[in-house]
Amino acid sequence: MSVVEGDGGADRGSGPAPTEDLLYGVIRRLWPLHRTIVRAVERELVGTGMTAGEHALLDALRKEGPRTVPQLARALGLDRQPVQRWVNHAAQLGLVVTAPNPAHRRSSLIELTIEGTEVMRGIQEFEAAELRRGLADLSADDVTTTLRVLDRLGEEFRHLADDSAVPPEEPGAPAGPEGPDGHDHPGSSRRGPAGPGDMKRTERPGETEAPGRPAGRRTPRQ
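Model, not experiment: these values are computed from the prediction.

**Q** How would you explain the packing of helix H1 (residues 19–44) against helix H6 (residues 140–161) if you had to name every residue and give the values?
**A** The interhelical angle for the contact between H1 and H6, taken along N-to-C directions, is 85°, at an axis separation of 12 Å. Between H1 and H6, the angle falls in the class roughly perpendicular. Judged by residue contacts, Leu23, Val26, Ile27 and Leu30 of H1 engage Leu150, Leu153 and Phe157 from H6. Looking at the contact of H1 with H6, its residues break down into seven nonpolar, no polar and no charged.

This is the structure we're talking about:
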């Protein structure tokens, strides 16, 4: 499916836009919106030592609980390599730790530390206040419909892309190209096709790797 075709509205008269034209409009807005959100998050993270990617990583851990690197990669729609870098840097900041995985002894779980939990709570309390202030004109029904449309688009495009970059783990399965710690190592050839969210290629310098400054809890602006 191409997302660069014309709207086609000029050839369709002045009636209501066909659903596919409206869908193209949604799709065209997604990438610029993603980049804008990344830039906004980066501004909020100044002084924490975190990147926007690490914010997404910690948010996933706070929402879903401990996960392996492959599970986090699937949840974020990325290859393992950028996710592993974020995990490594977050660990240096004291925000995450590895823990034994009862279901897969060769792939450790990544979980938030107490400090990581507190940092994310402070950041997200501030973000929630900003969302309430800036988007007060949107109703719960509006947002629910938006979520349904985005979920449906994701489902269809995963089908079209045959998303299989990170195969599911099997309990007790051999580690394959991963090391005994469950991480990818140099020389590994286990890599699937990357999507547009692959930060390793698309992020500007500094968005994936950040200086190891200590993280601190954000305080909501007054």
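**Q** Help me get a handle on the layout of surface pockets, residues and values and all.
**A** Counted as a void, the second largest pocket has a volume near 850 Å³. Lining the second largest pocket we find 20 residues, and of these Ile37, Glu127, Glu130, Leu131 and Leu135 sit closest to its centre. Mapped onto the lining of the second largest pocket, the elements with two or more residues apiece are H1, helix H5 (114–134) and H6. Of the residues forming the lining of the second largest pocket, the biggest block, eight residues, is contributed by H5. Of the residues belonging to the lining of the second largest pocket, the class tally is 11 nonpolar, five polar and four charged.

**Q** Go over helix H4 (residues 80–92), please, and point to the residues and values.
**A** For H4, built from 13 residues, the straight-helix expectation of 18 Å at 1.5 Å per residue is met to within 8% by its first-to-last C-alpha distance of 18 Å. Immediately downstream of H4, the backbone of glycine 94 shows phi near 80°, a positive value.

**Q** Would you mind going over the environment of glycine 116 in detail, with residue names and values included?
**A** Tracing the backbone through its elements, the reader meets glycine 116 in helix H5. Here glycine 116 falls in the buried class, since its relative accessible area comes to 0%. The sequence separation of glycine 116 and valine 96 amounts to 20 residues, and the corresponding C-alpha distance is 6.3 Å. Contacts of glycine 116, omitting those with residues within four sequence positions, involve Gly94 and Leu95.

**Q** Give me the lowdown on a nonpolar patch on the surface, citing residues and values where you can.
**A** A cluster of nonpolar residues, Leu131, Leu135, Leu138, Val143 and Leu147, forms a patch on the protein surface that exposes about 440 Å² of accessible area. One can find leucine 131 in helix H5.

**Q** Could you give an account of the packing of helix H3 (residues 69–76) against H4, naming the residues involved and the relevant values?
**A** Think of two packed helices as two axes; the pair is described by the angle between the axes and how far apart they sit. At a minimum axis separation of 9 Å, H3 and H4 run at an interaxial angle of 115°. The pairing of H3 with H4 is recorded here as roughly perpendicular in orientation. Judged by the twist between their axes, the crossing of H3 over H4 is right-handed. Together, Val69, Pro70, Leu72, Ala73 and Leu76 of H3 and Arg80, Val83, Gln84, Trp86 and Val87 of H4 make up the contact between the two elements. Of the residues belonging to the contact of H3 with H4, the class tally is eight nonpolar, one polar and one charged.

**Q** A description of the nonpolar core should follow, citing residues and the corresponding values.
**A** Among the nonpolar cores identified, the biggest contains 25 residues, and Met50, Leu57, Leu58, Leu72, Val83, Val87 and Val96 are the most heavily contacted of them. Contributions of two or more residues to this core are made by H1, helix H2 (52–64), H3, H4, strand S2 (109–112) and H5. Ranked by residue count, the leading element in this core is H2, at five residues. If near-sequence neighbours (up to four positions away) are discounted, valine 83 is found in contact with Leu57, Val69, Leu72, Ala73, Leu76 and Leu78.

**Q** Please set out the pattern of salt bridges residue by residue, giving values where relevant.
**A** Evaluation of the coordinates by the stated rule reveals six salt bridges. When the shortest N-O distance is used, the salt bridge between arginine 67 and glutamate 64 registers 3.6 Å. In this structure arginine 67 comes out as partly exposed when scored by relative accessible area, which is 27%. For glutamate 64, a relative accessible area of 40% translates into the label partly exposed. Of the charged contacts in the structure, one is a salt bridge between glutamate 156 and arginine 152, with a shortest N-O distance of 3.7 Å. Residue glutamate 156 and its partner arginine 152 are both found in helix H6; the two are separated by four residues, about one turn of the helix. Through salt bridges with shared partners, one network takes in Lys63, Glu64 and Arg67.

**Q** Quick one: what's the story with the confidence of the model for the protein, residue by residue and with numbers?
**A** With 66% of its residues at a pLDDT of at least 70, the protein reaches an overall mean of 77. At the level of individual helices and strands, the protein shows its lowest average pLDDT in helix H7 (residues 199–202), which scores 40, and its highest in S2, which scores 97. Per-residue pLDDT stays below 50 along residues 172–222; that stretch engages in 112 contacts with residues further than four places along the chain or on separate chains.

How each quantity is defined
- Residues numbered from 1 in each chain as written.
- Predicted model: local features only at pLDDT ≥ 70, side-chain atom pairs only at ≥ 80, totals over all residues.
- Heavy atoms only, no water.
- Axes fitted to C-alpha atoms, helices over the stretch in contact; angles between N-to-C directions.
- Helix = DSSP H or I, 4+ residues; strand = E, 2+ residues; numbered from the N terminus.
- Parallel < 35°, antiparallel > 145°, perpendicular 65-115°, else oblique.
- Contact = heavy atoms within 4.5 Å.
- Nonpolar A, V, L, I, M, F, W, Y, C, P; charged D, E, K, R; others polar.
- 1 Å grid on protein atoms, 1.4 Å probe; cavity = no way out; pocket = protein on both sides within 12 Å on 5 of 7 lines; lining within 4 Å.
- Points joined across faces, edges and corners; volume = space filled by probe spheres on them.
- Expected span 1.5 Å × (residues − 1).
- Buried < 20%, exposed > 50% of the residue type's maximum accessible area, 1.4 Å probe, protein only.
- Patch = residues over 30% accessible without salt bridge, like charges linked within 9 Å, V, L, I, M, F, W, Y side chains within 5 Å.
- Areas by Shrake-Rupley, 256 points an atom, 1.4 Å probe, with all protein chains shown as cover.
- Salt bridge = Lys/Arg side-chain N within 4 Å of Asp/Glu carboxyl O.
- Left-handed = near helix turned anticlockwise from the far one by under 90°.
- Core = buried A, V, L, I, M, F, W, Y, C linked by side-chain atoms within 4.5 Å.
- pLDDT = per-residue confidence, 0-100.

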